[in-house]
Amino acid sequence: MHEVTSLHDTSRVIRQTPRWLTLAALVALIVGAPMLAGRTLDAQAIHGVALDSVSGEPLAGAVVSLLDSTADVVSAVRTSNRGRFELRLHGAGYYALDVRAIGFQPHTSAWISLGSGESVDVTVRVVRSAPLLSRVTVEAEREDIGERSFMGMKLKTMSARVITPSEINAALGGARDYVEIMQSSLPAGFAVKYLDARLNKRCVVNTRNGKCAAVFVDGVRMSDAEQAMDAALPAQIDHVVIVRAIEAGTLFGGDADAGAILIFRKGNAGGAVSRK
């Protein structure tokens, strides 16, 4: 190790420095320069606060967009609860701020000149406006099917599952029969069973005893699944009531111990149930 005591000694140490070490230092300087420049650019930013122009209160949740010299949006942020925001940039130029908040007029700032590596602080004051909302009218029709009576009992007291007209319309799509309309709305304990796959003959069965549920169309009991499919075409169905086995057996007799499906066609939605 050399101790440098004079200018003459200094020059001697430099002469004795290996050439490869001098070159390494030069390369490190060249490689490191862009990294330092990048850090300078990364520090470039617009810091600011958005305020109510009258009360001076901060605007929380306002959208602040950064516009470049062609008025294109470069980036956007929301203001904090204190109305503050920060927008990072990567180049010198002219920029403007566009501020939008509910209940306030849109505000575009004057152009801000920003040099390389420069950061600025701005305060944006936004003018309040009375929002004018068009009148909205909401109309709804309550489906009171659950209030209807069947053989002296109301649906909602007999543990029945009602497939409403709106649910029927949603399932119409490509449904070929009442079974396909009901398929996605069957309550627990019921499932679809194929009786004859070649003829696409199916019924809704009780999963406990494997028997087909009794089917009524406008109050008339169908003799079998095929008759029910012919009597209740999908486009004709208004709503369907699925009655659990225990209630169906009480209402319609022991041969309905798998449950009952009450199909009501449009125009006959209030018909009485028959034991035929």
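Read on for an overview of the structure. Note that this is a predicted model, so its numbers are computed, not measured.

### A short note on the sheet that holds strand β4 (residues 84–88)
One open sheet accounts for 3 strands, arranged β4-β1-β8; its pairing is mixed. A single partner strand is all that each edge strand has here, and the edge strands are β4 and β8 (119–126). Taking each pair of neighbouring strands and ignoring which way they run, the sheet shows an average axis angle of 25°. For strand β1 (residues 45–52) and β8, the ladder comprises 8 bridges, and the chain directions are parallel. Paired with L51 across the bridge in β8 is R125.

### Notes on the sheet that holds strand β11 (residues 160–163)
Strand order in the open sheet made by the 5 strands is β11-β16-β17-β14-β15, with mixed pairing throughout. Of all the strands in the sheet, just β11 and β15 (220–221) have a single pairing partner and so form its edges. Summarising the sheet, strand β16 (residues 237–243) and strand β17 (residues 260–265) pair through 6 bridges and their orientation is antiparallel. Residue H239 lies in a different strand from β17, and its bridge partner there is F264. Strands β11 and β16 of the sheet are contacted by helix α3 (residues 165–172), whose axis makes an angle of about 110° with β16.

### Observations regarding helix α6 (residues 245–252)
Among the residues of α6, those classed as buried are A245, E247, A248, L251 and F252. Looking straight down α6, one finds its buried side chains confined to an arc of 160°; they lie on one side. With respect to the buried face of α6, the exposed residues turned more than 90 degrees away are I246 and T250.

### Observations concerning the nonpolar core
Grouped together as the largest cluster of nonpolar side chains are 22 residues, with contacts concentrated most on Y178, M182, V215, I237, V240, I261 and I263. For this core, the elements supplying multiple residues, two or more each, are α4 (178–182), β14 (214–217), α5 (225–231), β16 and β17. With 4 residues, the single largest contributor to this core is α4. Apart from residues no more than four positions distant in its own chain, I237 is found in contact with I168, Y178, I181, A232, I263, F264, R265 and K266. By size, the runner-up hydrophobic cluster in this structure holds 19 residues, among which are A62, V64, L87 and I112.

### Here's the deal with unusual backbone geometry
Generally, phi is negative for residues other than glycine and the peptide bonds are trans, each holding for most cases. Although it is not a glycine, A71 adopts a positive phi angle of roughly 70°. Relative to the elements of secondary structure, A71 occurs in the loop between β2 (63–67) and β3 (73–78). Its identity is not glycine, yet D218 carries a phi of approximately 50°, on the positive side. With respect to the secondary-structure elements, D218 resides in the loop between β14 and β15. Judged by relative accessible area, which is 15%, D218 ranks as buried.

### A look at the pairing of β2
Two faces belong to every sheet, and in a regular strand the side chains alternate between them. A large share of β2 lies buried, amounting to 4 of its 5 residues. In this structure, β2 lies alongside β3, joined through 5 bridges in antiparallel fashion. For L66, the partnering residue across the bridge sits in β3 and is S75. The antiparallel hairpin formed by β2 and β3 contains 5 residues in its connecting segment, where A71 sits at a positive phi of about 70°. In terms of strand pairing, β2 meets strand β5 (residues 93–100) through 5 bridges, oriented antiparallel. Among the inter-strand pairings, L67 is bridged to a residue of β5, identified as A96.

### Re the layout of surface pockets
Approximately 160 Å³ is the volume attributed to the largest pocket. Lining the largest pocket are 13 residues; nearest its centre among them are A213, A214, V215, D224 and A225. Of all the elements in the fold, those that place two or more residues in the lining of the largest pocket are β13 (201–206) and β14. The class makeup of the residues in the lining of the largest pocket is 10 nonpolar, 1 polar and 2 charged.

Cut-offs used in this document
Residues numbered from 1 in each chain as written. Predicted model: local features only at pLDDT ≥ 70, side-chain atom pairs only at ≥ 80, totals over all residues. Heavy atoms only, no water. Pairing = 2+ DSSP bridges. Helix = DSSP H or I, 4+ residues; strand = E, 2+ residues; numbered from the N terminus. Axes fitted to C-alpha atoms, helices over the stretch in contact; angles between N-to-C directions. Contact = heavy atoms within 4.5 Å. Buried < 20%, exposed > 50% of the residue type's maximum accessible area, 1.4 Å probe, protein only. Arc of directions from axis to C-beta. Core = buried A, V, L, I, M, F, W, Y, C linked by side-chain atoms within 4.5 Å. 1 Å grid on protein atoms, 1.4 Å probe; cavity = no way out; pocket = protein on both sides within 12 Å on 5 of 7 lines; lining within 4 Å. Points joined across faces, edges and corners; volume = space filled by probe spheres on them. Nonpolar A, V, L, I, M, F, W, Y, C, P; charged D, E, K, R; others polar.

Function cannot be read off these values alone, since they describe shape.
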